[in-house]
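Here is what each chain is made of, one letter per residue.
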Amino acid sequence: SSKEKPTLGGQRIKTRKRNIAAPLDPSSFSDAIVQIYLDNAGDLELVAKSIESSDLNFSRYGDTFFEVVFIGVRTQPGTIKPEEEGERHPYSLIDCAAQREAILPYVLFIQKTLRRRPFLIKSLENVMRKFLQSLEFFEENERQKLAIFTALAFSQKLSGLPPETVFQPLLKDNLVAKGIVLSFITEFFKEYLKENSLDDLIALLKKGKMEDNLLEFFPSGKRTSEALSEHFTKEGLTSLVEYNSKKMFEVKLKEIKSTLTTMINEEAEISEVTEVVKQQVKDAKFPDIEVVRMLWDVLMEAVQWSGKNQQQNSNSALRQVNAWAGLMNAFCTSGKLELELIYKVQTQCYEDAKLMKLFPEIIRSLYDQDVLAEDTILLWFRKGSNQKGRQSFVKALEPFVKWLEEAEEEE
């Protein structure tokens, strides 16, 4: 009983289990997909069924799959050149006609594939990014097909495809300089707007961080509003021209407002402010009516509305009007513009409770400062077309109008 029990000799070594990676073989995967196309003569419905029932490793070779879909063959690493030794099929996207009816089935085929294998969206992004960055290596009609496909992909809301995947790769300097990007994006806009509104397109551009940068699609020597208007008008995209004009107007308006606000807060001389505003208005080609509206907005925004009661706020507003009447006078150079100023005052007094009771006093002040002529005030009183609060404002202005009419009779 005291003897030791015999034991097995040697030492047991514990090894950590690890995944053994299967060798990469994209060529075989590509050939298998090509064969599916060939077996089904390019019928995308049958191709989709065959792919669904296959046991191919799509999670590993997703990029290769979309390369075969787009150009019919696997590409060489880092390029869009076809793999020379690989099989190829003639039913790819770039082999079809450059028409919506021919390209839409490819979009629906990819959409169906992504619903079954949503993880492939990243591979689609990769391949589209690679092709868009390499547009110069495609023929012109092939670029047109890619543009139509891209437009239809967004129109059909292809599962999870982010707009920045499309727009940002296009901004490569060499592609823009050659005009390739402008041709591509023009074809994209035309196709997308066939079934979608301009608002939809703007929302798409906004997601792609391009709604304010349409000129970046143009070669550097043509990045002007005039060139943009001429190009898109010629292509029948007038709605886009109007949108860009409005956008540019808003940007320039914001700049002028900022300059004017700063000068008012710094209490600059009226003559100096007038000259600066006139120059900016001239450069921006602003309509006179818009200038009058903008001036009034800025003057009222600069009022210190911190009074403890309504009377103090009213006094602040009237002081502002009197102090800057000379500026308004410099731009209200016709009866039409004076009438526009009255409409602007009327609208603001109607919409802003702080100014509701101040309308007659503002009009009287503008008259005393020679900004508004007697004839303009009487025209507004008798025939004004702005209906916002008109009835109450007309009643409030009656004593002043009566005084004007009596003074006119005496003269």
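- Per an unreviewed UniProt entry, the chain carries the name W2 domain-containing protein and comes from Aegilops tauschii subsp. strangulata.
- Reading the Sequence similarities (unreviewed entry) entry of the UniProt record for the chain gives the comment "Belongs to the BZW family."

1. Description of the overall build of the chain
Here is step 1: A count of helices and strands for the chain gives 20 helices and zero strands.
Here is step 2: In terms of overall dimensions, the chain is more spread out than a globule: its C-alpha atoms have a radius of gyration of 35 Å, far above the 22 Å expected for 411 residues.
Here is step 3: Expressed as lengths along the three principal axes of its C-alpha atoms, the size of the chain is roughly 130 × 80 × 40 Å.
Here is step 4: Here the chain holds 411 residues, and the buried ones make up 45% of them.
Here is step 5: For the chain, restricting intrachain contacts to residue pairs at least 6 apart in sequence, the fraction spanning at least 24 positions comes to 68%.
Here is step 6: About 23,100 Å² of surface is accessible on the chain, with carbon and sulfur atoms providing 47% of the total.
Here is step 7: Averaging the coordinates of the 55 positive side-chain charges in the chain and doing the same for the 63 negative ones gives two points 11 Å apart.

2. Considering the domain arrangement of the chain
Here is step 1: By the assigned domains, the chain splits into domain 1 (26–237) and domain 2 (246–409).
Here is step 2: On a C-alpha basis, the centroid separation for the pair domain 1 and domain 2 is 53 Å.

3. Brief notes about the confidence of the model for the chain
Here is step 1: Of the residues in the chain, 93% reach a pLDDT of 70 or more, and the chain-wide mean stands at 89.
Here is step 2: Looking at the elements of the chain, mean pLDDT is at its lowest for helix α7 (residues 164–167), recorded as 84, and at its highest for helix α9 (residues 180–192), recorded as 96.
Here is step 3: Predicted confidence is poor over residues 17–23, with pLDDT under 50, and the contacts of this stretch with residues over four places away or in other chains come to three contacts.

4. Description of the packing of aromatic side chains
Here is step 1: All chains considered together, the criterion is met by 21 aromatic pairs.
Here is step 2: Plain terms: the ring middles of F359 and W380 are 5.3 Å apart, the flat faces sit at 45° to each other, and that makes the pair tilted. Taken together, the positions of F359 in helix α18 (residues 359–368) and W380 in helix α19 (residues 374–383) put the pair 21 residues apart, joining distant regions of the chain. In terms of burial, F359 and W380 fall into one category: buried.
Here is step 3: Taken together, the aromatic side chains of F154, F167, F188, F189, Y192, F218 and F232 make up a single cluster linked through ring pairs.
Here is step 4: Positioned over the ring face of F58 is R117, at 4.2 Å from the centre of the ring.
Here is step 5: Across from the ring centre of W403, 4.8 Å away, lies the NZ or CZ of R364, which sits over that ring.

5. Digging into the nonpolar core
Here is step 1: The biggest cluster of nonpolar side chains holds 75 residues, and the ones touching the most others in it are F65, F70, F109, I110, L124, F189 and F217.
Here is step 2: Contact partners of F65, with chain neighbours within four places excluded, come to F29, I33, I51, F58, F109, T113 and L120.
Here is step 3: Core analysis: the second largest hydrophobic core is formed by 56 residues, V277, I342, Y343 and F400 among them.

6. Focus on the packing of helix α15 (residues 310–323) against α18
Here is step 1: In the contact formed by α15 and α18, the axes pass within 10 Å of each other and the chain directions differ by 20°. As judged from the angle between their axes, α15 and α18 are roughly parallel. Crossing angle aside, the handedness with which α15 passes α18 is right-handed. The segment α15 lies against α18, with L318, V321 and N322 engaging E361, I362, S365 and L366.
Here is step 2: For the contact of α15 with α18, the per-class residue count stands at four nonpolar, two polar and one charged.

7. Concerning helix α13 (residues 270–284)
Here is step 1: Taking 1.5 Å per residue, 15 residues should reach 21 Å; α13 reaches 21 Å between its end C-alpha atoms and fits that length.
Here is step 2: Buried within α13 we find V273, T274, V277, V281 and A284. All buried residues of α13 lie within an arc of 105° about the axis, which places them on one face of the element. In α13, those exposed residues whose orientation departs by more than 90 degrees from the buried face are S271, E275, K282 and D283.
Here is step 3: The inward-facing, buried residues of α13 contact α12 (238–265), α14 (288–301) and α16 (325–331).
Here is step 4: Remark: K285 follows α13 within two positions and exhibits a positive phi of approximately 55°.

What counts and how
Residues numbered from 1 in each chain as written. Predicted model: local features only at pLDDT ≥ 70, side-chain atom pairs only at ≥ 80, totals over all residues. Heavy atoms only, no water. UniProt positions renumbered as here; feature names shortened; annotations may be inferred. Helix = DSSP H or I, 4+ residues; strand = E, 2+ residues; numbered from the N terminus. Rg over C-alpha atoms; globule rule 2.2 N^0.38 Å. Buried < 20%, exposed > 50% of the residue type's maximum accessible area, 1.4 Å probe, protein only. Contact = heavy atoms within 4.5 Å. Areas by Shrake-Rupley, 256 points an atom, 1.4 Å probe, with all protein chains shown as cover. Lys, Arg positive; Asp, Glu negative; His and termini not counted. Charge placed at Lys NZ, Arg CZ, Asp CG, Glu CD. Domains from an automatic or database assignment. pLDDT = per-residue confidence, 0-100. Phe/Tyr/Trp six-rings, centres within 6.5 Å; stacked < 30°, edge-to-face > 60°. Lys NZ or Arg CZ within 6 Å of the ring centre and 35° of its normal. Core = buried A, V, L, I, M, F, W, Y, C linked by side-chain atoms within 4.5 Å. Axes fitted to C-alpha atoms, helices over the stretch in contact; angles between N-to-C directions. Parallel < 35°, antiparallel > 145°, perpendicular 65-115°, else oblique. Left-handed = near helix turned anticlockwise from the far one by under 90°. Nonpolar A, V, L, I, M, F, W, Y, C, P; charged D, E, K, R; others polar. Expected span 1.5 Å × (residues − 1). Arc of directions from axis to C-beta.

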